[in-house]
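Here's the letter readout for the chains.
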Amino acid sequence: MKSDWFNLHQIARNSFIATSTVYASTELNFDRRSFCFFAPDRSGFVVLKSEKEFNNALSKARDGSLPSVFYFTAAWCGPCKLIAPVMLELGKKYPHVTTYKVDIDEGGLSNALGKLNVSAVPTMQFFKGGVKKAELVGADVIKLRSIMEHLYK
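Residues numbered from 1 in each chain as written. Predicted model: local features only at pLDDT ≥ 70, side-chain atom pairs only at ≥ 80, totals over all residues. Heavy atoms only, no water.

The name an unreviewed UniProt entry assigns to the protein is (rape) hypothetical protein, from the organism Brassica napus. Annotation of the protein in UniProt includes, under Function (unreviewed entry), the sentence "Participates in various redox reactions through the reversible oxidation of the active center dithiol to a disulfide. The H form is known to activate a number of cytosolic enzymes." In its Sequence similarities (unreviewed entry) section, the UniProt record describing the protein reads: "Belongs to the thioredoxin family. Plant H-type subfamily." (UniProt positions renumbered as here; feature names shortened; annotations may be inferred.)

Asker: How would you explain the state of the cysteines if you had to name every residue and give the values?
Answerer: Tallied over the full model, the rule gives one disulfide. One disulfide in the model links Cys 77 with Cys 80; its S-S distance is 2.4 Å. In this structure, the disulfide formed by Cys 77 and Cys 80 twists by about 80° around the S-S bond and is classed as right-handed. Looking at Cys 77, the relative accessible area reads 3%, which means it is buried. By relative accessible area, which is 0% here, Cys 80 ends up buried. (Disulfide = S-S within 2.5 Å. Buried < 20%, exposed > 50% of the residue type's maximum accessible area, 1.4 Å probe, protein only.)

Asker: I'd love a proper account of the pairing of strand β4 (residues 68–73), names of residues and values included.
Answerer: A regular strand places its side chains so that they alternate between the two faces of the sheet. Among the six residues of β4, six are classified as buried, and the element is accordingly described as predominantly covered. Residues Ser 68, Phe 70 and Phe 72 point to one face of β4 and Val 69, Tyr 71 and Thr 73 to the other, with burial holding for every one of them. Crossover handedness for the path β4 to helix α3 (residues 78–93) to strand β5 (residues 98–103): right-handed. Bridging between β4 and strand β6 (residues 123–128) involves five bridges; their strand directions are antiparallel. When the bridges of β6 are listed, Tyr 71 appears paired with Met 124. (Helix = DSSP H or I, 4+ residues; strand = E, 2+ residues; numbered from the N terminus. Right-handed = clockwise from strand over helix to strand, strands pointing away. Pairing = 2+ DSSP bridges.)

Asker: Before we move on, could you go through the sheet that holds β6 and cite the residues and values that matter?
Answerer: Taking strand neighbours across the sheet as the criterion, the five strands line up as β3-β5-β4-β6-β7 in an open arrangement whose pairing is mixed. One side of each edge strand has no neighbouring strand; the edge strands of this open sheet are β3 (45–48) and β7 (131–137). Averaged over all adjacent pairs, the angle separating strand axes in this sheet is 20°, with direction ignored. Two elements, β6 and β7, share six bridges in a ladder whose sense is antiparallel. (Axes fitted to C-alpha atoms, helices over the stretch in contact; angles between N-to-C directions.)

Asker: Tell me about the side chain of Ser 68, and please be specific about residues and values.
Answerer: Within the secondary structure layout, Ser 68 lies in strand β4. A relative accessible area of 0% means that Ser 68 is categorised as buried. Engagement of the side chain of Ser 68 in a polar contact is seen with the backbone oxygen of Leu 66, the distance being 3.1 Å. Residue contacts for Ser 68: discarding those within four places in its chain leaves Ala 61, Val 97, Thr 98, Tyr 100, Gln 125, Phe 126, Phe 127 and Tyr 152. (Polar contact = N/O pair within 3.5 Å; in protein donor to acceptor, adjacent residues only side chain to side chain. Contact = heavy atoms within 4.5 Å.)

In structure tokens, the structure reads:
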């Protein structure tokens, strides 16, 4: 039997998730509601569940004190499920960048979404030095890796 890490790596590399082949190692936490992976605090992944949390995170990103990525997702979104393991991997590769995961269907976040003009999921918005430097709409793994490399290396 192949290792859990090998199976997860294959999923990310092939940009495909099949529920019958996902094996989460003990390092990962699994959010059953959204079927998305999120990392423990050491990777910099933060799940925002309220408008107050969102506003605090956005303030940190805009004041330049924290390079950050806002990852907008939804439980029903197929491409979001596809990109989730890649976001996890990049969170570990760039631990100095905080990745905020925002479920657009979470109660109380509808006003917050308008602040960043999010109209589709998945959407990733990249902040550095207090300014939004890039935005990616869709599950383009190659472009996502390229943006992260360019902005945060």
